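Breakdown of the fold
If you want the building blocks of each chain, they are given just below.
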Amino acid sequence: KRRGPKKKKMTKARMERFKLRRMKANARERNRMHGLNAALDNLRKVVPCYSKTQKLSKIETLRLAKNYIWALSEILRSG
């Protein structure tokens, strides 16, 4: 036996609204990911990298950027 409220029947109008909401949500997520990937590409251009031929992964880029910022702050701190 199921618990909780019963599912409402999917009428044609409800199905259309559902599909439209999903399409809009997918478009927002796609735009968000395009923005994130563009930002990571810009970060890869300014962070010193060991290999110019192989593209760093997202997590490698973030870790390298964190370590680079830490190294620069240590240089500033030590004078």
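If you check an unreviewed UniProt entry, the protein chain appears there as NDF1 factor from Aleadryas rufinucha.

Let us now look at the pattern of salt bridges. For the structure on display, the rule yields 3 salt bridges. R44 serves as the salt-bridge partner of D41, at 2.7 Å between the closest nitrogen and oxygen. With D41 and R44 both in helix α1 (residues 12–46), this residue pair falls 3 residues apart, about one helical turn. Given a relative accessible area of 33%, D41 falls into the partly exposed group. As a salt-bridge pair, E74 and R77 come within 3.3 Å of each other at their nearest N and O atoms. Pair noted here: E74 and R77 are both in helix α2 (residues 58–78), with a separation of 3 residues, about one helical turn. E74 gets classed as partly exposed once you look at its relative accessible area, which sits at 29%.

As a further point, take the UniProt feature "domain: BHLH" (unreviewed entry) in the protein chain. With numbering aligned to this structure, UniProt lists the feature "domain: BHLH" (unreviewed entry) at residues 20–72. As annotated, residues 20–72 has a helix share of 79% and a strand share of 0%, and its two end C-alpha atoms lie 48 Å apart.

In this section: a nonpolar patch on the surface. A cluster of nonpolar side chains, namely M10, M15 and F18, defines an oily patch on the protein surface of about 260 Å² accessible area. Taking relative accessible area as the criterion, F18 reaches 36% and is therefore assigned partly exposed.

Below, the discussion takes up α1. For α1, with 35 residues, the first-to-last C-alpha span of 52 Å sits near the 51 Å given by 1.5 Å per residue. Taken as a whole, α1 has its buried residues at A25, L40 and R44. Residues of α1 that are buried in the fold lie against α2.

Scoring rules and cut-offs
Residues numbered from 1 in each chain as written. Predicted model: local features only at pLDDT ≥ 70, side-chain atom pairs only at ≥ 80, totals over all residues. Heavy atoms only, no water. Salt bridge = Lys/Arg side-chain N within 4 Å of Asp/Glu carboxyl O. Helix = DSSP H or I, 4+ residues; strand = E, 2+ residues; numbered from the N terminus. Buried < 20%, exposed > 50% of the residue type's maximum accessible area, 1.4 Å probe, protein only. UniProt positions renumbered as here; feature names shortened; annotations may be inferred. Patch = residues over 30% accessible without salt bridge, like charges linked within 9 Å, V, L, I, M, F, W, Y side chains within 5 Å. Areas by Shrake-Rupley, 256 points an atom, 1.4 Å probe, with all protein chains shown as cover. Expected span 1.5 Å × (residues − 1). Contact = heavy atoms within 4.5 Å.

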